[in-house]
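What follows is the residue order along each chain.
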Amino acid sequence: MASTRRTVLSLYTRVFRVARTWQAQSGVTSDTETERKYIRQEARNLFRQNQKITDQESIKKCIEECEARIEIGLHYRNPFPRATYLPPMGLATQKGRKLRAQQRLRKQAKPIYLQSHDET
């Protein structure tokens, strides 16, 4: 439990450290400030949203998502979530059993770094 708490707190400080040193890929100061603000606000929202989680498996998934989002953001120099690619027939409008099957496929196709985002 103590190591989990330490891991979560270190991730929280790491996100804010990344936000403090973040430079937009465009080099424009207003873009940099917008992206820094997004990083800080997204971190606050997600950490507050997940602070009541007590299940160790759920906490582990949240930690993995956070680490993945940090690494992807640093690699692509883009703090915003990357697009989700839907499986074939993922947007077909159907009813009943086929619709439930499509929803299940969409949920399975959702990458780990977008698990905290709601369906759009």
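For the structure, check the block above.
Residues take numbers from 1 onward in each chain, read along the sequence in its written order. Totals for whole chains, interfaces and linings use every residue, but because this is a predicted model, local features are given only for residues with pLDDT of at least 70 and side-chain atom pairs only at 80 or more, for both listing and counting. By convention in this description, side-chain values take in all heavy atoms of the structure and omit both hydrogens and water.

A.B. asks: What exactly am I supposed to notice about the packing of aromatic side chains here?
C.D. replies: Aromatic rings considered in pairs are described by the distance between their centres and by the relative angle of their planes. Any pair of Phe, Tyr and Trp rings, taking the six-membered ring for Trp, is counted once the centres come within 6.5 Å. Such a pair is stacked with planes under 30 degrees apart, edge-to-face with planes over 60 apart, and tilted for the rest. Here the structure, examined in full by the defined rule, presents 3 aromatic pairs. Ring plane angle 75° and centroid distance 4.8 Å describe the contact between Tyr12 and Phe47, whose orientation is recorded as edge-to-face. Taken together, the positions of Tyr12 in helix α1 (residues 2–21) and Phe47 in helix α2 (residues 29–49) put the pair 35 residues apart, joining distant regions of the chain. Taking the centre distance of 4.6 Å and the plane angle of 50° together, the rings of Tyr38 and Phe80 count as tilted. In this pair, Tyr38 sits in helix α2 while Phe80 sits in the loop between α3 (56–76) and α4 (97–109), placing the two residues 42 residues apart along the sequence. Counting as a charge over the ring demands two things of the Lys NZ or Arg CZ atom: a distance within 6 Å of the ring centre and an angle within 35 degrees of the ring normal. Its end group placed over the ring of Trp22, Arg77 keeps NZ or CZ at 4.3 Å from the ring centre. Put simply, DSSP marks the helices as runs of H or I at least four residues long and the strands as runs of E at least two long, and each gets a number from the N terminus on.

A.B. asks: Please clarify how the state of the cysteines should be interpreted in this entry.
C.D. replies: Here, disulfide denotes a covalent bond that connects the sulfur atoms of two cysteines. By definition, disulfides here are pairs of cysteine sulfur atoms that lie within 2.5 Å. For the structure shown, the criterion picks out 0 disulfides. Cys66 supplies the cysteine sulfur nearest to Cys62, a cysteine that is in no disulfide, at a spacing of 9.1 Å. Here Cys62 falls in the partly exposed class, since its relative accessible area comes to 24%. You can call Cys66 buried: its relative accessible area is 14%. In this scheme, a residue with accessible area under 20% of its type's maximum is buried, one over 50% is exposed, and one in between is partly exposed, where area comes from a 1.4 Å probe on protein chains only.

A.B. asks: What is the right way to look at the packing of α1 against α3 in this model?
C.D. replies: The relative placement of two packed helices is expressed as an angle between their axes plus a distance between the axes. Between the N-to-C directions of two axes lies an angle of 0 to 180 degrees, each axis being a line fitted to C-alpha atoms and, for a helix, fitted only over the stretch in contact. Two elements in contact, α1 and α3, have axes whose closest approach is 11 Å; the angle formed by their N-to-C orientations is 25°. Judged by the angle between their axes, α1 and α3 are roughly parallel. For the crossing formed where α1 meets α3, the hand is left-handed. Residues Thr4, Thr7, Val8, Leu11, Arg14, Val15 and Val18 of α1 form the contact with α3, whose own contacting residues are Gln56, Ile59, Ile63, Cys66, Glu67, Ile70, Glu71 and Leu74. Throughout, the ten residues Ala, Val, Leu, Ile, Met, Phe, Trp, Tyr, Cys and Pro are labelled nonpolar, Asp, Glu, Lys and Arg are labelled charged, and all others, Gly among them, are labelled polar. Split by residue class, the contact of α1 with α3 holds 9 nonpolar, 3 polar and 3 charged. Small angles under 35 degrees read as roughly parallel and large ones over 145 as roughly antiparallel, with 65 to 115 read as roughly perpendicular and the rest as oblique. Note on convention: near helix rotated counterclockwise from far helix by under a right angle means a left-handed crossing. Clockwise means right-handed. Contacts between residues were defined by any pair of non-hydrogen atoms, one from each residue, lying within 4.5 Å.

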